[in-house]
Each structure stands twice: as structure tokens, then as C-alpha cells.
Amino acid sequence: MDVLRKEILPFVALTCLKTDRFKTACMSLNLLTGLTRETASQNALIPGVLRRGTVSHPDMDSLARALDELYGAKIEPAVRKLGEIQSIGFCAEFTDDAFLPPGSRVAERIAALMGELLISPNTRGGLFLPAYVDGERQKLIERIQGRMNEKRGYSLMRLREFMCPFEDYAVDVFGSVDQAEAIGYQKLTKHYKAILAASPIEIFYIGSLSFETVEGALKAALLNLPRGEADTELGTDIRMNSVEEGPRYFTEVLDVTQGKLAVGFRLGKCMENPDLAALRVFNAIYGGSVTSKLFMNVREKLSLCYFASSFLDLFKGLMLVSSGIEFEKYDQALSEILAQLDAVRTGDFTAEDLTYAKKYVSSSLASIEDSPAELESFYLAHTVMGEDCSPMDLSLLAESVTAGEVTEIARGIECDAVYFLKGITEEETHDDQ
Amino acid sequence: MTTNNYPAIRETLYSETLPNGLTVLVARKPGYRKSFALFATDYGGADRRYTDGGAWTDSPAGVAHFLEHKLFDMPDGGNALATLSNNGASPNAYTGSAITAYHFESDRGFDENLRTLLNFVSTPYFTEESVKKEQGIIGQEIRMIEDSPGFVVFMNLMRCLYAEGPLRDSVAGTVDSIAQITPETLYSCHRAFYNPSNMVLCVVGDVNPEAVLKTALEILPAEHRDAPRRDYGPSAGETLAQSRASAAMEVSAPQFLFGCKIAPAPAGEPRLRQQLLAKLAANCLMGPSSPFYLDLYEKGLLSADFEHETEYAGGSAHFLAGGESRDPEAVFEALMKELARVFEKGVDEALFSRQKKALFGEKLRELDDFDDLGRELAQGKFDGFCAFDVFPVLESIDCAQVSDFIRSVFLPERFALSVVTPKAR
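A.B. asks: Break down the sheet that holds strand β9 (residues 199–205) of chain B for me, with residues and values.
C.D. replies: Residue and element names in this part refer to chain B. Pairing within the open sheet is mixed, and its seven strands lie in the order β1-β2-β3-β9-β4-β8-β7. Strands with a single pairing partner mark the edges of an open sheet, and in this sheet they are β1 (2–6) and β7 (90–95). Across the sheet, the axes of successive neighbouring strands diverge by a mean angle of 15°, strand direction being ignored. In the sheet, strand β2 (residues 11–17) pairs with strand β3 (residues 23–28) via six bridges, with the strands oriented antiparallel. Of the residues in β3, the one forming a bridge with Y14 is V26. Helix α1 (residues 63–70) rests against β7 and β8 (100–106) of the sheet, and its axis sits at about 165° to β7. Those strands touched by helix α8 (residues 209–219) are β2, β3 and β9, and its axis lies near 155° from that of β3.

Structure follows, in C-alpha cells:
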């Protein structure tokens, strides 16, 4: 697979992954902007509003017809959080031209459509249509309020909020209900014009077309893209230490039958010069695989929970542990989660454990090369992190990670915050009496 | 092995039925690093009452799922999930109402991993102690599921559609029902349903099909036994047990699911055709390009989370659609209106034409997803058809057939609505 990244317009870069293997082609267009409390909701709203209609396809019906004609192509608003960067734009999935009747030229037409969605929205008097803004704003609010419906994700969101209250990282990718409610069509149009001119743009394409063909289609599509002073100061603030000497504890009560325990750690020293392969192997050993210390001990041996796993946020330099437990098991489960990290710190894992973890990481990374969606996600993340490597590069590096590298990572990690979501108990229901 | 080439979609399928009755399907994908293997049995949560040649046996709710968890234990004390993971594979398993499947994806050591897969699934090993421990773990899983509004809205709809029968119970069972499971229950169900003639092995990747066959012949029992028979109870036809169900939970906005039963077409091409008709009918009636959806989207009554699907299980089939809405009854009323309109006027030709083209594109893209393809091949086999036949069958469907389908299946009085509403605080 050929990979090429080049700037095609001022602060607009195209990464083209040329391959003949897939029947599915992908294209994503991403505006990068800083994640802040004040702008997150406005940013999150923009792709949805743009998606409601363009100059030549003024409503969703017209857009739906155009996409169905392109063999059921999909273009969806994309709002993503990459540490303290908010990425907004569109992700398109469509059938690769190599598998369609000659002359279909779906990829080029998708590029044109995406360009239109971005820079030629349906407006009146130069402003977004109030009905479109009102409608999408309501949906955004419902989405934010819906965060509490899936309790595992909710507990991780709350952990982030409690752990990083003075860091932009705590801001949810959709912002907040308060911020969203304050958005009107005039203010939003103004904000849209500002970020359209100032945001660096990363475009990804995976499919059978050449870089030159895709570049040509995109340059034509983005001919009228306004470009002003680019916001080049984007990045994520990595805090090395926990906020206080010891972990901070937070508890919340909701009507749930299973408790959710989420623990937040700062990765610390290893983030000075992050070794992406070694970090992944460490995570696989600690809690990121079915042969990890968390899975084998907290779940299997002690039956303390139904799930217990860890994952890393390499943008922010954090490790988050998530587990589902019975309310009474809180102390035991927390104690074990911390004890297992201590075990990794002291090298209490076998050569076999290390080999298995390396194999698992190496395989997972290699398999990214077989999925257009995973490739897009990988390259967006690594481009933003400033890392120039392919999944295969990391896959090979993972195979030579040492036990020493793993324990060194673990030794620099500090527990910063603990969040526990528990159910309503007898005492709480009789509180008024 | 039989080789079927599908040049239009650039796929090749190798197939063979072993003397022991197992069907092996290999979709070769040249140039891919990873391979995917799925070993499935035509056995799920709905298969509670069965006979393996002898007397009829009744099993408690949750056995198929319990068995799925426990099969990973090996007699030598090892765990197949760990064995596969340690060898660089990504293993997993799932149990539905009609199927239980074990699968892995790996980019190296495929043959070794395949051997592990075939071995552990065909080797039953259960003890009193391990059953007890699993009751604890699954009990936790059940609690987690019970907290999920999606699960509650679905189970309540099933109870609206089915007055009796196994589809009224959750695939995982309840804490009480799984308490009744003993090692004997598991051995009996394994013997009956994990019988090669009741199973299928699907492999997707750049593999040697003959080598896959050879491994399967080596590892699996040679004996051929007939597949078990199941009894799903009397069919209540299309009448509803009840038309509404409601529950209150900690959710931010009402979650809803509506649906109706479908009399399943006979296995084979008729069933594949019915599934495609249902999909096209649903896309034309309420898909993201339909007037119904676009109108309700603009009114703020539906969002992009609105989805539909059709499931076949327990000798029956049902169509389901739902998502989140601030006013599910309004959505339901709009559906009834739209059905009445389409009953009268038929499906719009141009809309149908676009949906057919779009579905073709989608089905083509789905071929890239090894997991999806493996599952489609397996489920297709159990339903009597080859998943790749979706393309010629789709091609043969016209607008009139879709309109006819809607008029005969989506009758207003057959629909029930289940809602989960936010708890008053």
C-alpha cells in the first residue's frame, strides 16, 4: 500500500493510501481546532448543520438522492476528540470505482460533494437557515443528554470531568447543554466562517485512485476555500503528575443495578519521549487484553467483576481503567486494580506474559492495514500526534519491546482519580426520615 | 472441494460437506494479511426444547449462552481464549436466538489457531465448580444487560409479539434460570447441538481451502449423527399478545422499538428473497432516504440513530425498528399513516430504483468485512442459501414485489410498540 502525505492547499494536507484490495473506499475531511468549553458545542454543531443542505442540494432529500445514486455512498458528520483538539468534518464511505461500471467516477463525485458540504452550505442572506440550526441544535442537546444512557461510557466521561477540571481535556467532545442552548444561527455562521478560514485541514483517502487524481478532485472541490491566518498552535497539554499527592475520590449515585468503577492515571515520565509500541505492550500486559493482569486477576481469578480493562489516551498521556462491579466489591476491586499495576512496576510478570502481549499488540496493529476505517482513524490520530509511522512499522517495533521498557513505563504512572457510580441503597431511599 | 466463482463481485467460494455432516465454506481473499475463522452451531437461545433421537428435553433459559462461556475451558485446565490470544489471535464468541458462533482473526499461525478453535468448541468439559463460578460471572453480565435500555425495550417488544414460546425470554436467561443449569444440562445440549451436521465452519482470508478441510477432518469427530429436532411450541400466527409495553428507566429521553412478526419463508432461495424484500421495503418506507424519515427528522422526532432489522429465530421471524424520540407515539402514528399511503399508492418507482442501487453498493462493501462476511455465510448456510447469491436475487427484485410485500406483511394491526421512558425524579 502506497502512503503519501502532502500539502495540497495552504494548511490543507492530503494523505492518500492507495490500494486495490478493498471494495470500500473512504474519504474524510477534518478541520482541526482547539477543544475549549466555550466553542466545543458550536464546533460540534457545524457538521450537522452543513449536512442539512448545500447550494445545489438544498435539503436532506436532495442529498439522499445524490448519495443513493452513487451506489449508496454515505457521508456522515464527524466530530472527534483527539486529546485537546476537536476534529470536525465529514467521513465518507463508498464503493470503490474499481468494482463499479466504468465511468461511475464515484470517488471524484464524493470529493466534489464533500467540498460543497464544507464551503457551500444552503444559506439565506449569507446566514445558516434558522430551521437547520434549531433542528440540529436540539439533536445535539439530546445527544449530550443521552451520554448518561450507556453507563460504562458515562462513568469514563465523569472520571475525565473530575480528574481534569482545569484542563480542556475535561470538555466533552459535544460540549455542554448550556453552551449548546445559547447557539443561534447568526452566531454560528460567524463562528463557522472563522474556523473555516483558520483551521488546518487533514484529508484522508483510502482506495484505488492515485494521489494525483484525488488531489485534482479535491483542489477543484475546495477552490473557494477561504484561507486566512492558520491556527498552528494546536496541541494537547500533557500533565505529568497527578493533581494532588494521593488519588482524589468521587462517587455518584444513579438507579443502576451494577456499579461502575473508573480509575484515572497520569502516564507521567514515559510521555516525555513516548515509545508508542512499548506503551501498547505495557497496556496489553496490564489491562488491555484477555490475558492481561486485570482480566486474569480481577475478573477471572477473583470474580470481582464482569469486565475490567485499561486503555491509553496517548494524546493526553493518561491511562483509564474501567470495570463493572457489585457495589459491595468496591474496596476489593479498587485495591486489586492498583495492586496489579504495582505488580507490573516490580516486573511481576513472566517472559511468557510478555511474549503473548507482544504478539497480541503486533497482530492488532498489523490488522489495521486490512480495514479502511481503521486506517483512517490510525492516520488521523498519528498525524495529529506528529508521528510518522504506519501500523506495520509499529507492529514490527512491538515485537522487540523488552520487560525493562514495560516496567519503566509502569514506574512513572501515578493514580490521580477514582470515580465510582453506584446504585441507590436502603440508607439513601430512607434519607428523609 | 466445490469452487464457485463470482467474477462480478471478485469473490471465490470453496465449499464441502464432510462425512460427519459439517459444512466448510472458504471465501478466499488473496493479498490479505489477516484471516478470519468462524465455527458456528445452529443453536441459540430459542432452542430450549429438543430431541436428540430420544425423549424430548426441556432446558432452562440461558443454556446456549452459558455453554458459549464454558466451552473455552479445556480439560487440561487451560482456557482457549487465552491460548488463542497468546498466539496472536483476536478471539471472541456470541450467542443469539438462533446461532452460537466462535471466531478469531489472526495475521499469523492461522492453522494452529484453527486447530485450537475446532478443538475447544468440540471438547465439552464442565465441572460443578466451574459451572458455579460461571453462574457468578454471567449473573453480573445479566445485571449489566438489565441496566441497558436497549435490552429492556427489546425484550418488552418480544413479549408483545410473542404470547408464548422461547422468544419471550432473554438469550442470557435470568439469574434464577441459570441457577438451574448443571454440568449434565450442558453435556446434553452440547451433544445434541454441537453435532457437526448441525454446524458450519467459515473461513475468510488468503488461505489454502484444502488445508482447512484437512485440519477439520483431523480434529473433529468422524461420526455422522443427524441434527437434533426442536420444538418452539405452537405458533400464534400474526396476532399480537399486546400492542403496547412501557418501562421507566434512567434514560435521558424515550427509547422506542416497534415491530411485527413475519411468517418465515421456507429455507433456501425463498428465504433469501424474503430477507431482501424486507430490507428494501424497510429502506423505502423508513430508511434514511424515505419521505417518512426525512419528514420526522426535520420535525425533531427522529435522529440518525433510527435503525431497522429483521431477525429469524424460534421458527418465526420479526421486523424491528427504533431509536430515540421525544414522542414515540407520534412516530408510530406517522408510520401508520405512511403505511396507509403506500398500501394505496404502492412504493414510488424512482425511490425504489435508488434504494436498489444503494443496497447493491452496500452489499458489495460488506464483502470487505471478514467478520460480517463470515457471519453472513454461516447464517445463510443455516437458512439454506449461499450469502453470495444476494447479488443475483437482488437484481431480480422489482418495485411491484416490494409493494406486494408491504401490503401482505406490514399490516397496521400487526405492529406493537415498546417504549422505555425517563424515570420521573
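Read on for the rest.
A.B. asks: Can you lay out the confidence of the model for chain B for me, pointing to particular residues and giving the numbers?
C.D. replies: On average, residues of chain B score 95 in pLDDT, and 100% of them reach the 70 mark or higher. Across the assembled chains, the prediction reports ipTM 0.92 with pTM 0.93.

A.B. asks: Quick rundown of helix α9 (residues 269–286) of chain B? Include the residues and the values.
C.D. replies: Taking 1.5 Å of rise per residue, the 18 residues of α9(B) would be expected to cover 26 Å, and the 25 Å separating its terminal C-alpha atoms lies within 8% of that figure. Burial runs high along α9(B): 13 of the 18 residues are buried.

A.B. asks: Give a detailed account of the sheet that holds strand β13 (residues 414–422) of chain A, specifying residues and quantitative values.
C.D. replies: Residues and elements named next belong to chain A. If you trace the five strands from one edge of the open sheet to the other, you get β9-β13-β10-β12-β11, paired in mixed fashion. The open sheet has two edge strands, β9 (248–253) and β11 (305–313), and neither has a second partner. Averaged over all pairs of adjacent strands, the angle between their axes in this sheet comes to 15°, without regard to strand direction. With eight bridges connecting them, strand β10 (residues 259–266) and strand β12 (residues 318–325) associate as antiparallel partners. Bridge assignment links K260 to a residue of β12, and that residue is G324. Sheet strands touched by helix α10 (residues 293–301): β11 and β12. Its angle to β11, the strand with the most contacts, is close to 155°. Lying on the sheet, helix α11 (residues 330–345) is in contact with β9, β10, β12 and β13; it crosses β10 at an angle near 30°.

What counts and what doesn't
Residues numbered from 1 in each chain as written. Chains lettered and ligands numbered in written order. Predicted model: local features only at pLDDT ≥ 70, side-chain atom pairs only at ≥ 80, totals over all residues. Heavy atoms only, no water. Pairing = 2+ DSSP bridges. Helix = DSSP H or I, 4+ residues; strand = E, 2+ residues; numbered from the N terminus. Axes fitted to C-alpha atoms, helices over the stretch in contact; angles between N-to-C directions. Contact = heavy atoms within 4.5 Å. pLDDT = per-residue confidence, 0-100. Expected span 1.5 Å × (residues − 1). Buried < 20%, exposed > 50% of the residue type's maximum accessible area, 1.4 Å probe, protein only.

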